[in-house]
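Topology and contacts: notes
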Amino acid sequence: MSIVETSQWTEWHLTPAGWVRGSSVTEFGRQSRSVPGDRVKTCVLQMSSAQDEPAVRLHDKVTFDPHRARELEDQFGPCPREL
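About the thresholds
Residues numbered from 1 in each chain as written. Predicted model: local features only at pLDDT ≥ 70, side-chain atom pairs only at ≥ 80, totals over all residues. Heavy atoms only, no water. Helix = DSSP H or I, 4+ residues; strand = E, 2+ residues; numbered from the N terminus. Buried < 20%, exposed > 50% of the residue type's maximum accessible area, 1.4 Å probe, protein only. Contact = heavy atoms within 4.5 Å. Areas by Shrake-Rupley, 256 points an atom, 1.4 Å probe, with all protein chains shown as cover. Core = buried A, V, L, I, M, F, W, Y, C linked by side-chain atoms within 4.5 Å. Polar contact = N/O pair within 3.5 Å; in protein donor to acceptor, adjacent residues only side chain to side chain.

Of the regular secondary structure elements, the chain holds one helix and five strands. Residues classed as buried in the chain amount to 33% of the 83 residues present. Here the contacts in the chain between residues at least 6 apart in sequence split such that 54% fall between residues at least 24 apart. As displayed, the chain has an accessible area near 5,500 Å², and 49% of this comes from carbon and sulfur atoms.

Right, let's get into the nonpolar core. In this structure, W12, L14, W19, V40, C43, A69, L72 and C79 together form the largest nonpolar core, which totals eight residues. At the level of secondary structure, the elements contributing two or more residues to this core comprise β1 (5-15) and α1 (66-76). When residues no more than four places from it in sequence are discounted, the contact partners of L14 are W19, D38, R39, V40, K41, A69, L72, E73 and F76.

So, on to the environment of F28. Inspection of the secondary structure assignment puts F28 in the loop between β2 (18-26) and β3 (29-31). Linking F28 and Q8, residues 20 residues apart in sequence, is a C-alpha distance of 9.8 Å.

Let's shift gears to the side chain of T42. If you trace the backbone, T42 turns up in strand β4 (residues 41-50). Exposure remark for T42: the relative accessible area of 0% places this residue in the buried category. Only 2.9 Å separates the side chain of T42 from the side chain of R39, close enough to count as a polar contact. Not counting residues up to four positions away in its chain, the partners in contact with T42 are E11, W12, H13, H59, D60, K61 and V62.

As structure tokens, this is what we get:
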């Protein structure tokens, strides 16, 4: 029996207006979106599973301005946990 592995992910961009959904790959397909020009941080929410071991991981992909990112996370909260 082989192990079936899937990977779904969504990029989230932190901007002065809040969190903005970016490109994603889900069970429904791939959706490409432009990166906001005013982003200060990008994180990736990834869900992968090896049949019996689903896992959700959050990765900080890019932080352009760590001080500003902390300020905006205080205002808008941490990276969303939804694909």
